[in-house]
Amino acid sequence: MCRTRLAVLSLVTLSTLLACGGRSSSDDEADARAGGGNEGGLEEVGGSGASAGADSGGRSAGGTVSTGGSVHRGGAETGGGGTGGVGVGGRATGGVGVGGSTTGGMGVGGGAPGGSTTGGVGVGGSTTGGTGVGGGPLGGAGGSPTGGQGGGGADPCVVRVTTMGDDDRSGEDWGQSLASVQAGLDLAASRVAAGESSCEVWVAEGTYLPTRDPAGSDAPADPRSRTFLLKNHVALHGGFAGTESIRTDRARDEYGTLLFRTTLSGDLGVAEDADDDVYHVVTAVDGATIAAVLITRGNANGAAPEDRMGGGIFIGDTSPTVVECYVGQCRAELGGGIYIGSGSPTITNGGSDTNTAEYGGGIYIEDGSPGLTNVSICANTANYHGGGVYSAAGSPVFVGGSISADHAIDGGGLHIAGGSAELRGASISGNGEADRGSAVFVSEATVTLTDCTLSGNMAQDSGASIYASEATVVVDGCDFSGNSAREGAGAGMDNQASTVTVTRSSFMGCSATMPDQGGGAIRNREGTEALFSNCLFVGNTSNFGGAIYDYDSSSFVVNCSFIGNTAIASGGAAIYEDGGTSVITNSIFWRNQDAAGVGAIGSTSGSTPTVTYSDIVGGCTVAGGCTTSDTGNMNAEPLFVEGAMDGYALLATSPCIDVGSGAAAPPADMYGTARFDVPGIGNDGADFVDMGHYEYTP
């Protein structure tokens, strides 16, 4: 669901946004909420669902169910010191860092990107910047929210702008406010040039139009070239009533949402007529910050190549900081909402919603390395690829946030056409109608997903959640649920000629029921090599291979549980081999049902799975022939504890305890419990472990 609210949009568009989500908060409110209270706790990043809750990576990698669905595996692993300090936001938007000691040092700005310039102990640190979002100059003594007095220490440099101002004024107080945002930016930049190390522009509520082109002309030959041109060492902040003396005085509701909205609009000429909207509402530069504004009505359809990129924000080869900004109702050929060239911008606690492009409706990434933390990408449309995000050869990192209700031909939510992408604690849901990869499409690239939720995605063809072609995909601690492929297979994952590793993940209620197609949760084909370890497959459905279908591919399944999966047409209710080979060890098969009422594992002639140390309730007998090694296999009720953990924890009397192969097992189970028993305590097993995804703990 989208987590935004753009006041300038039409009622129709507002209804779409409200269907996606609801609220946002200001830049300096990111501290306690971007992984805790409001911003990401109550609303922004998903409340008790998406990727937030109380710690978004702390206890459960996602609130109540969230980025772990019912499997919640964050614990000390995906929140601890690694992916998010105390959570995906530590104490604030950084805590120990959005990436612990890895990605962010002491915060999102850490010591390096933050230092004394952009964040003191980081754009997160103890609050939202420790010594301030601008260290000494912009934050003064800092400490409390966004840097001491917010305007900057003992002698802050602040320029004020209101809709009732005058550009001939000084901007030194609200009574001397300027009228245009660009005049404020230019004046602040002149003060930096005169010796100030940095300066802020405070913009009161209201809607502002761009007045100048990038060359500084107030009367350009093409009026649509006007843009809000950001400035180096200048931070633009919106959301003021026009009376505040410090930035943290801005009024907000109980959710932390600013009560006064600042809108930067490119709607020149005829109102709501895209034909005369500016090419780029905002043009970014290095060292610039823009925060707490709504950006809308850009239309990048000009003749020059750059004028076809980034209708909302154009970020070329620069690395600005974008905080709590929402981009909506913008258009472009590449990146309707935001275009990122080869820069490394930081985008935090904002959103790109209801934008349109040929490629990358919400965001287009050429070959840059942006960091996106707690960002909502929702209800965007691409006429071709990447409804939410298209990355041509970049290496974006997504922490928290959501990608939802986006649409494209391929890659409805996220299309990775090269390079790499990393997603941690993200919710990818409700993306639909793409032919392939409604949630994620990856081709000739590497994608890593950790503690993510992929739910309710629907593909016309295959790979409703993930479609991988000649790619490397690593999935750890993710939940796939309620995904469907109408006319294909692999509603959870469809992997073609790829290398796939899936650990500590669950696949529940995924379906692909098109005739002659197999693999309700997973389809591996054309030489794919896949490893599934500590995984849970429940209630998945297909014509054959209710959970996994291998076509000329190899699956290695270790310590997984297959429960209640269904093959409608023929054998292989859980796993079906068609010209492929699978090696299955330490796994449990229970209540899986094919057309004849039996048959957990099936295969075509010449495709014989190797099964050892596994409990196959009902036996391994299905059409096409299926044999098992006698080594360690059994046919017995596994005896689960109803309601415990994910509902499939083992009873103390389960026959699946201490009968697996220690040589093949991973070191810990889905929840991080060590696989090997402690000698002398409880169910001693020497070199043995339990079957299935769960290790019994006495």
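Provided above is the structure to which this section pertains.
Trainee: What is the right way to read the state of the cysteines from this model?
Mentor: Here a disulfide denotes one covalent bond, and it connects the sulfur atoms of two cysteines. If you walk through the whole model with that rule in mind, you get one disulfide. Through a disulfide, Cys157 is tied to Cys199; the S-S separation comes to 2.0 Å. Here the disulfide of Cys157 and Cys199 is left-handed, its torsion about the S-S bond being about -75°. Within this pair, whereas Cys157 is found in the loop between α5 (135-139) and β1 (158-161), its partner Cys199 is found in strand β2 (residues 199-204), the two being separated by 42 residues in sequence. In this pair, the class of Cys157 matches that of Cys199, namely buried.

Trainee: In this structure, what is going on with the environment of Gly492? I would like to understand it.
Mentor: Mapping Gly492 onto the fold places it in the loop between β37 (484-485) and β38 (493-496). Overall, Gly492 belongs to the buried group, its relative accessible area being 0%. Sequence spacing of Gly492 and Gly437 is 55 residues, and the spatial spacing of their C-alpha atoms is 9.4 Å.

Trainee: Would you mind showing me how to read the sheet that holds β37 here?
Mentor: Think of a sheet as strands paired side by side through backbone hydrogen bonds, with each pair either parallel or antiparallel. With parallel pairing, the six strands of this open sheet are ordered in space as β29-β33-β37-β41-β45-β49. In this open sheet, the two edge strands, each paired with only one partner strand, are β29 (432-436) and β49 (566-567). Inspection of the sheet shows strand β33 (residues 458-462) paired to β37 by two bridges, in the parallel sense. Across the sheet, Ala459 pairs through a bridge with Ala485, a residue of β37.

Trainee: I would appreciate a short explanation of the sheet that holds strand β14 (residues 331-334) in the present structure.
Mentor: Sheet architecture is open: four strands sit in the order β10-β14-β18-β22, paired in parallel fashion. Where the open sheet ends on each side, the last strands, each with one partner, are β10 (299-300) and β22 (381-385). Judged from the three bridges that link them, strand β18 (residues 356-359) and β22 form a sheet pairing that is parallel. When the sheet's bridge partners are listed, Thr356 is paired in β22 with Thr381.

Trainee: Whenever I open this one, the nonpolar core confuses me. Can you help?
Mentor: Generally speaking, a soluble globular protein has its nonpolar side chains buried in company with each other. Grouped together as the largest cluster of nonpolar side chains are 98 residues, with contacts concentrated most on Ile290, Leu423, Leu449, Met493, Phe532, Phe537 and Phe562. Residue contacts for Phe532: discarding those within four places in its chain leaves Val502, Ile522, Asn524, Phe537, Ile548, Ser555, Phe556, Val557, Val558 and Cys560.

Trainee: I would appreciate a short explanation of the pattern of salt bridges in the present structure.
Mentor: Opposite charge on two side chains lets them pair, provided their charged atoms get close. Going through the model one piece at a time under the given rule, you end up with 15 salt bridges. Asp277 serves as the salt-bridge partner of Arg297, at 3.4 Å between the closest nitrogen and oxygen. Highlighted residues: Arg297 in the loop between β9 (294-296) and β10 and Asp277 in the loop between β6 (262-265) and β7 (282-283), separated in sequence by 20 residues. Exposure class is identical for Arg297 and Asp277. Each is buried. Each of Asp186, Arg212, Asp218 and Lys231 takes part in one network of salt bridges that share partners.

Rules used in this analysis
- Residues numbered from 1 in each chain as written.
- Predicted model: local features only at pLDDT ≥ 70, side-chain atom pairs only at ≥ 80, totals over all residues.
- Heavy atoms only, no water.
- Disulfide = S-S within 2.5 Å.
- Helix = DSSP H or I, 4+ residues; strand = E, 2+ residues; numbered from the N terminus.
- Buried < 20%, exposed > 50% of the residue type's maximum accessible area, 1.4 Å probe, protein only.
- Pairing = 2+ DSSP bridges.
- Core = buried A, V, L, I, M, F, W, Y, C linked by side-chain atoms within 4.5 Å.
- Contact = heavy atoms within 4.5 Å.
- Salt bridge = Lys/Arg side-chain N within 4 Å of Asp/Glu carboxyl O.

Worth remembering: the numbers are spatial, not functional.
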